[in-house]
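Coordinate analysis (summary)
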Amino acid sequence: MSTAEPTPTPPRRAGFPIWGFVVAVVLSAIVTFALAALLVNIFQRKQEAKNPYVRLVEVDNNTSDPRRWGINWPREFDGYMRTSEMTHTRYGGSEGAPAPSRLEQEPWLKRMFAGYAFAIDFRQRRGHAYMLADQEQTRRVQDKPQPGACLHCHASIIPTYRRLGLEKSGKTLADADGFDWPAVMTGFEAMSTMSYVDAHAQLLRTPDGTEGLDVGPGGSSIATTTPANLTGQIPGAPTTQEALASHTGKAHPVACVDCHDPKSMELRVTRPAFVVGIQKLASSEEPVPHLPSIERWRKGNRARPYDPNTDATRQEMRSFACGQCHVEYYCGPKMTMFFPWGNGLKVEEIEKFYDDTKFADGHRFFDFKHAETGAEVLKAQHPEFETWSQGIHARSGVACADCHMPYKRDGAMKVSDHWIRSPLLMINRSCQVCHPFSEEEIQGRVATIQRRHSLLMERAGTALIAMLDEVAAAKKAGATEAQLQPILELQRKAQWRLDFINAENSMGFHAAQESAKTLGESIDYFRQGQLLAQQLRLGGKAPPTTQAAAN
């Protein structure tokens, strides 16, 4: 009897652990959730980029308070508000209030401005947030009467121009036809004849477009309107300081409405003096290769004047918006404020424009009479636009905003940084976009340019003092006004060039070769004047004219 062998038991398979299954499910869920979140985030960012802002409140051409604009455009407003933060570089800016006095840092300035308000108070610049407050508080305004045109580049003033222009024809701001350039021009011309006190009062009388904010009626403590430059000189009239102190309400510095269309947010030019000035430049024969829209306009039929708001490119507008204020100009009170661009933008071309300009009485244009010599000299303002126009950056198509308001990433948005400041404080976004060098290399190059110009300016200041001392000695020795006249002409030419670079805020960087040439000419003219004065002092006779004074 045979015995059946037992059937072998098959080997048991290892089962998939239940915990492994759970882990796999959880990981899959996490990955799925992460991918879904990423896709949703990408979608939201794309939608956000398509809709850069939500118009929560209405703003119009009369809304001068930037806080209301900030409700719709908070990113830009945040940057604008940061201009109140103190920043500085080696040759500009301030970390204190009040800003340091340049008269103490560079004593020769006081003698250069002898007889002019800048000899009383001249300080380092501060951020855009302070442009109006610093003007209101400077001793140049507090102690000396000033024209109302000074507010053109320090206040959000276009609604006031518009209101004054409309009131001339019996209308109100509610009757404005959009921006209403005719009304703005009329108001601009009217304000150019006012004193600073009266113009400031008009600024405060204009509503700032903010609901629920009572800006007060404003007003001057002066009973009747005073002519420009007479406040504080009329018997019984208050000083500028007393009159400003009597004002109520608060005006705004240059803000959103001054550079942006409230409907489209496109950049625009709002300053009447710039519009008139750029039209004169376009009508001149001076080449402006850095402004291609003007070159195109010149090749057309010229049926209408050049209009920056319709003819300029967007890239040009990124400089024009800044050039409305960062320029050389005359701000009264003897003439309506103007930009001297009829011959071009170079220092000698502007000088010729001034030399050919006559006041109403037929006298040659001048800003002030020098207290030491009696020379009728010119005072430069802050010719950044003119100087930039001569530099390599302008010729390369680089706009002011590219360096001083570079783009930055904010979430899904690419916005222009409205914290306007020196490019040296943000080299990675301002300079390294085009220049593939380290920050140390770029800083070193800029420092070299600025240091050389600073030394040249010191030499020009030394030459100025030497010439003034020799003129004083020549006068003491009996030199007549007729004998001194050629020397005073040299002083006018020399001082104009020195002040042009001194008042410009890049210490030569905006156009290094042009700025160095200008300072070199200044030193030369000062030394020529010194030698002629020395000749008079020693008993010789100065020639009736010189080649330098004639050219």
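Every value quoted in this text rests on a predicted model; they were computed, and no experiment measured them.

**A few points about the nonpolar core**
Counting 47 residues, the largest nonpolar core has Leu 151, Phe 320, Met 337 and Trp 341 as the members making the most contacts within it. Elements with a minimum of two residues in this core: helix H8 (158–168), helix H9 (181–191), helix H10 (196–205), helix H12 (272–283), helix H13 (292–299), helix H15 (314–323) and helix H17 (384–388). Top element by residues in this core is H12. It accounts for six residues. Excluding residues that lie within four positions of it along the chain, Trp 341 makes contacts with Phe 274, Gly 277, Ile 278, Lys 280, Leu 281, Gly 323, Val 327, Glu 328, Phe 385 and Glu 386. Grouped together as the second largest cluster of nonpolar side chains are 46 residues, Phe 359, Ala 460, Ile 487 and Ala 503 included.

**Focus: the packing of aromatic side chains**
For the structure on display, the rule yields 28 aromatic pairs. An angle of 65° between the planes, with centres 6.0 Å apart, marks the rings of Phe 338 and Phe 365 as edge-to-face. Of this pair, Phe 338 sits in the loop between H15 and helix H16 (347–356) while Phe 365 sits in the loop between H16 and strand S3 (368–369), and the two are 27 residues apart along the sequence. Using a relative accessible area of 9% as the deciding quantity, one classes Phe 338 as buried.

**Here we look at the environment of Val 141**
Summarising the element assignment, Val 141 is placed in helix H7 (residues 139–142). The exposure class of Val 141 is buried, given its relative accessible area of 4%. Sequence spacing of Val 141 and Tyr 196 is 55 residues, and the spatial spacing of their C-alpha atoms is 8.1 Å.

**Comments concerning the packing of H16 against helix H22 (residues 481–503)**
Angle between the axes and distance between the axes are the two parameters that describe a pair of packed helices. Remark: H16 packs on H22, axes separated minimally by 11 Å, with the N-to-C direction vectors making an angle of 130°. With respect to H22, the axis of H16 lies oblique. Where H16 crosses over H22, the handedness of that crossing is right-handed. For the pair H16 and H22, contact is made by Val 347, Glu 348, Ile 350, Glu 351, Tyr 354 and Asp 355 and by Arg 492, Lys 493, Trp 496, Arg 497 and Phe 500, respectively.

**What to know about the environment of Gln 534**
With respect to the element layout, Gln 534 can be found in helix H23 (residues 512–537). On the accessibility criterion, Gln 534 (27% relative accessible area) is partly exposed. Spatially, the C-alpha atom of Gln 534 lies 8.8 Å from that of Met 467, the residues being 67 residues apart in sequence.

**Overview of the pattern of salt bridges**
Two side chains that carry opposite charge are able to pair once their charged atoms sit near each other. Applying the stated criterion across every chain yields a total of 28 salt bridges. When the shortest N-O distance is used, the salt bridge between Arg 271 and Asp 258 registers 2.6 Å. In this pair, Arg 271 sits in the loop between helix H11 (240–245) and H12 while Asp 258 sits in the loop between H11 and H12, placing the two residues 13 residues apart along the sequence. Overall, the relative accessible area of 1% leaves Asp 258 in the buried class. When the shortest N-O distance is used, the salt bridge between Asp 356 and Lys 352 registers 2.7 Å.

**Observations concerning the pairing of strand S5 (residues 407–410)**
By the bridge criterion, four bridges tie S5 to strand S6 (residues 413–416) in an arrangement that is antiparallel. Looking across to S6, one finds that Lys 408 is bridged to Val 415. Taking the residues that link successive antiparallel strands as the turn, the S5-S6 hairpin has two residues, and the phi of Gly 411 there is positive, at about 65°.

**Points about the side chain of Glu 376**
Structurally, Glu 376 can be placed in strand S4 (residues 376–377). Among buried charged residues, Glu 376 stands out as having no salt bridge; its nearest opposite-charge side chain is Lys 369, 4.2 Å away. Side-chain polar atoms of Glu 376 contact the side chain of His 363, separated by 2.8 Å. For Glu 376, the contacting residues outside a window of four places in its chain are His 363, Phe 366, Phe 368, Lys 369 and Arg 492.

**Quick notes on the packing of helix H21 (residues 439–476) against H23**
It is the contact of H21 with H23, at a shortest axis distance of 8 Å, that shows an interaxial angle of 20°. Taken together, the axes of H21 and H23 lie roughly parallel to each other. Once H21 is placed against H23, the crossing between them reads as left-handed.

**Section: unusual backbone geometry**
The backbone of Met 265 sits at a positive phi, close to 65°, despite the residue not being glycine. The topology assignment puts Met 265 in the loop between H11 and H12. A positive phi angle, close to 50°, is found at Met 507, a residue other than glycine. Here Met 507 is to be found in the loop between H22 and H23.

**Regarding the confidence of the model for the protein chain**
Overall, the predicted model of the protein chain reaches an average pLDDT of 86, with 84% of residues at or above 70. Predicted confidence is poor over residues 213–235, with pLDDT under 50, and the contacts of this stretch with residues over four places away or in other chains come to 60 contacts.

**Details of the environment of Met 317**
Position of Met 317 relative to the elements: it lies in helix H15. A relative accessible area of 5% places Met 317 in the buried class. Met 317 sits 83 residues away from Cys 400 along the chain, and the two C-alpha atoms are 9.4 Å apart. Aside from chain neighbours lying at most four places away, what touches Met 317 is Leu 267, Arg 268, Val 269, Pro 308, Asn 309 and Ala 312.

**Looking at H21**
Spanning 38 residues, H21 covers 55 Å between terminal C-alpha atoms, matching the ideal 56 Å at 1.5 Å per step. A positive phi of about 105° marks Gly 478, the residue just after H21.

**Some words on H12**
With twelve residues, H12 should reach 16 Å at 1.5 Å per residue; the first-to-last C-alpha distance of 17 Å fits that figure. Every buried residue of H12 is accounted for by Pro 272, Ala 273, Phe 274, Val 275, Gly 277, Ile 278, Leu 281 and Ala 282.

The rules we used
Residues numbered from 1 in each chain as written. Predicted model: local features only at pLDDT ≥ 70, side-chain atom pairs only at ≥ 80, totals over all residues. Heavy atoms only, no water. Core = buried A, V, L, I, M, F, W, Y, C linked by side-chain atoms within 4.5 Å. Buried < 20%, exposed > 50% of the residue type's maximum accessible area, 1.4 Å probe, protein only. Helix = DSSP H or I, 4+ residues; strand = E, 2+ residues; numbered from the N terminus. Contact = heavy atoms within 4.5 Å. Phe/Tyr/Trp six-rings, centres within 6.5 Å; stacked < 30°, edge-to-face > 60°. Axes fitted to C-alpha atoms, helices over the stretch in contact; angles between N-to-C directions. Parallel < 35°, antiparallel > 145°, perpendicular 65-115°, else oblique. Left-handed = near helix turned anticlockwise from the far one by under 90°. Salt bridge = Lys/Arg side-chain N within 4 Å of Asp/Glu carboxyl O. Pairing = 2+ DSSP bridges. Lys, Arg positive; Asp, Glu negative; His and termini not counted. Polar contact = N/O pair within 3.5 Å; in protein donor to acceptor, adjacent residues only side chain to side chain. pLDDT = per-residue confidence, 0-100. Expected span 1.5 Å × (residues − 1).

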